[in-house]
Amino acid sequence: MILTIGDTRLSVLLAENSSAVALKKRLAKKSISIKMRDYGNMEKVGFLKRFLPKNDKVIAAEPGDLILYRGCMLVIYYENNSYNFTRLGKINNITKEKLIEILGKGKVKVTLSLD
């Protein structure tokens, strides 16, 4: 999967679960653009507009992790956090510092696609 933030394209390795499979099926039809905002000084969060199946379990999220929260929110972590949620994937080959730079402060538009 590809995340596009501004002019930056980031590749994502999707998780192996029904949530990621459902997301991939949606993206096969068309890309998804999400307006995301900072939350808790550790993540960007935005609504997917449709629910995906949940595979929640307690996991430790790290910078670059894509998480499904409550079945309808996409979260991109730029700090560490542990909670009960579903892993959707991981951004490939990116440092925490570079990710924070790309995401910026405040609101950002993120587009998900299959390239």
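Data block above holds the structure.
All values reported here derive from a predicted model rather than from experimental measurement.

Asker: In this structure, what is going on with the overall build of the protein chain? I would like to understand it.
Answerer: When helices and strands are counted, the protein chain shows 2 helices and 9 strands. The C-alpha atoms of the protein chain give a radius of gyration of 13 Å, which matches the 13 Å a tight globule of 115 residues would have. Taken over the C-alpha atoms alone, the protein chain extends approximately 30 × 30 × 25 Å along its principal axes. Counting over 115 residues, the protein chain shows a buried share of 46%. Across the protein chain, contacts joining residues at least 24 apart in sequence account for 62% of those joining residues at least 6 apart. Surface accessibility of the protein chain: about 6700 Å² in total, with carbon and sulfur atoms responsible for 50%. Within the protein chain, the 11 negative side-chain charges are centred at a point lying 10 Å from the centre of the 21 positive side-chain charges.

Asker: I keep staring at the pattern of salt bridges and nothing clicks. Help me out?
Answerer: Tallied over the entire structure, the rule returns 6 salt bridges. The partner of K90 in a salt bridge is E62, and the shortest N-O contact between them spans 3.5 Å. Within this pair, whereas K90 is found in strand β8 (residues 81–91), its partner E62 is found in the loop between β5 (57–61) and β6 (65–69), the two being separated by 28 residues in sequence. Under the relative-accessibility criterion, E62 is labelled partly exposed at 44%. As a salt-bridge pair, R87 and D65 come within 2.8 Å of each other at their nearest N and O atoms. Highlighted residues: R87 in strand β8 and D65 in strand β6, separated in sequence by 22 residues.

Asker: Explain helix α1 (residues 18–29) here, please?
Answerer: For an α-helix the count is 3.6 residues per turn, leaving residues at separations of three or four pointing the same way. If you check α1, its first and last C-alpha atoms are 17 Å apart, about what 12 residues at 1.5 Å a residue would give, namely 16 Å. Along α1, the residues classified as buried are S19, A20, A22, L23, R26 and L27. In an axial view of α1, the angular spread of the buried residues amounts to 160 degrees, which keeps them on one side of the axis. Those residues of α1 that are exposed and aimed more than 90 degrees away from the buried face are K25, A28 and K29. At the N-terminal end of α1, a side-chain oxygen is found 3.1 Å from the backbone nitrogen of S19, two or three residues along, and the residue is N17.

About the cut-offs
- Residues numbered from 1 in each chain as written.
- Predicted model: local features only at pLDDT ≥ 70, side-chain atom pairs only at ≥ 80, totals over all residues.
- Heavy atoms only, no water.
- Helix = DSSP H or I, 4+ residues; strand = E, 2+ residues; numbered from the N terminus.
- Rg over C-alpha atoms; globule rule 2.2 N^0.38 Å.
- Buried < 20%, exposed > 50% of the residue type's maximum accessible area, 1.4 Å probe, protein only.
- Contact = heavy atoms within 4.5 Å.
- Areas by Shrake-Rupley, 256 points an atom, 1.4 Å probe, with all protein chains shown as cover.
- Lys, Arg positive; Asp, Glu negative; His and termini not counted.
- Charge placed at Lys NZ, Arg CZ, Asp CG, Glu CD.
- Salt bridge = Lys/Arg side-chain N within 4 Å of Asp/Glu carboxyl O.
- Expected span 1.5 Å × (residues − 1).
- Arc of directions from axis to C-beta.
- Polar contact = N/O pair within 3.5 Å; in protein donor to acceptor, adjacent residues only side chain to side chain.

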